[in-house]
Amino acid sequence: MLKPNKLANNNFLSSLDLSNDEVFHILELASNFKDKKINIDPNNKVLGLIFDKSSTRTRVSFQVAMSRLGGTTIDLNPTTSQIGRGEPIRDTARVLSRYCDVIAIRTFNHSDLEEYAKWSTKPVINALTDLEHPCQALADFLTIQEEFIDFKDVILTFIGDGNNVANSLILCGALLGVEVRIACPKGYEPNSLVLKKAYEIYKNRDLLKITNDPYSAVIGANVLYTDVWSSMGQENTKEDKDKKFEGFTIDDNLLAKADKNAIILHCLPAYRSKEITDKVMESKNSRIFEQAENRLHAQQALLYCLLS
Ligand code: CP
Ligand code: NVA
C-alpha cells in the first residue's frame with residue numbers, strides 16, 4: 001500500500017510550496033484513495049451536519065455519536081457555506097455526498113429534506129423538519145423501553161401541539177404497537193397524512209386517539225409527554241398559541257390523573273410554566289434527562305447501521 005512521504009514545507013500556501021516530485025506523489029496518493037487502494041480505518045467515516053435551525057441536543061449527540069464510532073462530523077453551517085446563498089439543493093446534495101458518508105439535516109420544509117435525499121448518493125438523516133423528528137422518537141421509545149421493558153401495556157399521552165415531535169411519536173408508536181393518545185387544542189391536531197399512515201399500521205385502531213381534552217387523555221397513562229407550544233419558525237404566533245394552549249400544561253393536576261408510576265418526557269428545550277411546570281419537570285417522575293442522554297445512544301446505533 002502506498003505510504004505518504006513527508007513534504008518539505010509544512011504549509012501549502014502556494015502551488016510553489018510543493019516540488020514537482022511532491023505534486024506527482026500527491027496525485028498518485030489521490031488516485032489510490034479514489035480507487036480505494038489505500039485501506040483506511042473503515043470506521044473513519046464523515047457525517048455532514050446541515051442545520052437551518054438551532055440545536056443543542058441533536059447537534060451534540062450526533063457529533064459525540066460519530067466520534068464514538070471512530071468517525072468525524074463537519075458542521076456545514078448554512079450561513080458560512082453556499083447553502084445560505086441559495087445554491088440549489090440538488091447541487092449541494094450531489095457535491096456533499098462525494099465528500100461525506102452520511103448527512104444529517106435539520107430544516108423547515110420536509111420536501112427540502114426529501115430533495116436532499118433524492119440527489120444524495122449517501123444516507124440522509126432527518127435531524128428535524130416541520131413534519132417529523134424521527135431521531136427524537138427513537139430516543140423516546142428507548143427511554144420508555146428502559147422504564148417498562150415491554151411496550152405491550154404502555155399508554156403514551158402527548159399533550160400539546162400536534163407538530164413534528166407528536167407526528168414521529170405517532171408513527172414510531174404505530175410501528176411498535178404502543179397506545180398513543182394526543183391531546184391538543186382544536187386546530188392543532190397532528191398531520192392528517194401521518195394519522196392516515198399510522199391507522200394503516202396499527203392493527204387495532206383504538207390504539208391511536210386524538211382528543212381536545214387533556215384530562216380524559218391522561219387517565220391511566222404511563223407516559224406523559226409534551227413539547228413546546230410554538231416550534232422553531234413559529235415564533236410570531238407565540239402570543240396567540242399561548243392563549244389557545246391554556247389548560248394544556250402538564251402540572252400536578254394532570255399528573256395526578258395518570259398512572260401513579262407514570263413518567264414524564266419532554267424533548268427539550270422546554271418553556272417552564274407554559275407546556276410544563278418546573279415542579280413536574282424536576283419531579284421524581286421525570287425521565288427528561290435520561291431521554292436527552294438517549295439521543296446519543298439511539299443515534300449512534302442508527303449511524304452504525306447506516307454506515308455498515
Ligand atoms: N430535542 C431536540 O431536538 O433538541 P435540540 O433542538 O436542542 O436539538
Ligand atoms: N417542536 C419543536 C421541537 C424542538 C426539538 C420544534 O420544532 O421547535
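Residues numbered from 1 in each chain as written. Chains lettered and ligands numbered in written order. Predicted model: local features only at pLDDT ≥ 70, side-chain atom pairs only at ≥ 80, totals over all residues. Heavy atoms only, no water.

Chemist: Would you mind going over the pattern of salt bridges with me for this structure?
Modeler: Two side chains carrying opposite charge are able to pair once their charged atoms lie near each other. All told, the structure shown has 14 salt bridges when counted by the stated rule. For Lys 53, the salt bridge identified is with Asp 130, shortest N-O distance 2.6 Å. Residue Lys 53 is located in the loop between strand 1 (46-51) and helix 2 (57-68), and its partner Asp 130 is located in the loop between strand 4 (124-126) and helix 5 (134-148); the two are separated by 77 residues in the primary sequence. On the basis of relative accessibility, which here comes to 7%, the residue Lys 53 falls in the buried class. Put simply, Glu 282 and Arg 272 hold a salt bridge, and the shortest N to O gap is 2.8 Å. Within this pair, whereas Glu 282 is found in the loop between helix 11 (278-281) and helix 12 (288-307), its partner Arg 272 is found in the loop between strand 9 (263-266) and helix 11, the two being separated by 10 residues in sequence. (Salt bridge = Lys/Arg side-chain N within 4 Å of Asp/Glu carboxyl O. Helix = DSSP H or I, 4+ residues; strand = E, 2+ residues; numbered from the N terminus. Buried < 20%, exposed > 50% of the residue type's maximum accessible area, 1.4 Å probe, protein only.)

Chemist: What is the right way to look at the pairing of strand 1 in this model?
Modeler: A regular strand carries its side chains on alternate faces of the sheet. With six of six residues buried, strand 1 is to be regarded as a mostly interior element. Of the two faces of strand 1, the one holding Val 46, Gly 48 and Ile 50 and the one holding Leu 47, Leu 49 and Phe 51 are both buried throughout. The parallel pair strand 1 and strand 2 (residues 72-75), bridged by helix 2, forms a crossover whose chirality is right-handed. Looking at chain direction, strand 1 and strand 3 (residues 102-106) are connected through five bridges and run parallel. (Right-handed = clockwise from strand over helix to strand, strands pointing away. Pairing = 2+ DSSP bridges.)

Chemist: Sorry, what's going on with the sheet that holds strand 6 (residues 179-183) here?
Modeler: Sheets are built from strands that pair by backbone hydrogen bonding, the pairs being arranged parallel or antiparallel. Strands sit in the order 7-6-5-8-9 across an open sheet of five strands; the sheet is parallel. Each having just a single partner strand, strand 7 (208-211) and strand 9 make up the two edges of the open sheet. On average, each strand axis in the sheet is inclined to that of its neighbour by 20°, with strand direction left out of account. Of the pairings in the sheet, the one linking strand 5 (residues 155-159) to strand 6 comprises five bridges and is parallel in character. Bridge pairing in strand 6 places Thr 157 opposite Arg 181. Packing of helix 6 (residues 164-176) onto the sheet brings it into contact with strand 5, strand 6, strand 7 and strand 8 (223-226), and relative to strand 6 it is tilted by some 160°. Contacting strand 8 and strand 9, helix 12 crosses the sheet at an angle of about 50° to strand 9. (Axes fitted to C-alpha atoms, helices over the stretch in contact; angles between N-to-C directions. Contact = heavy atoms within 4.5 Å.)

Chemist: Honestly, the environment of Leu 302 in this entry has me stumped. Any pointers?
Modeler: Among the secondary structure elements, Leu 302 is positioned in helix 12. Judged by its relative accessible area of 22%, Leu 302 falls in the partly exposed class. Dropping the residues within four chain positions of it, Leu 302 is found in contact with Ile 125 and Cys 135.

Chemist: Sorry if this is basic, but what is going on with the site of ligand 1 here?
Modeler: Around ligand 1, the neighbouring residues are Ser 55, Thr 56, Arg 57, Thr 58, Arg 106, His 133, Gln 136, Cys 267, Leu 268 and Arg 295. Residue Arg 57 places a main-chain N or O atom 2.9 Å away from an oxygen atom belonging to ligand 1. Note that a nitrogen atom of ligand 1 is positioned 2.9 Å from one of the side-chain N or O atoms of Gln 136. Taking 260 Å² as the accessible area of ligand 1 by itself, protein coverage stands at 95%. In a pocket analysis with a 2 Å cut-off to the grid points, ligand 1 is assigned to the second largest pocket. (Near = heavy atom within 4 Å. Polar contact = N/O pair within 3.5 Å; in protein donor to acceptor, adjacent residues only side chain to side chain. Areas by Shrake-Rupley, 256 points an atom, 1.4 Å probe, with all protein chains shown as cover. 1 Å grid on protein atoms, 1.4 Å probe; cavity = no way out; pocket = protein on both sides within 12 Å on 5 of 7 lines; lining within 4 Å. Sits in = over half its atoms within 2 Å of the grid points.)

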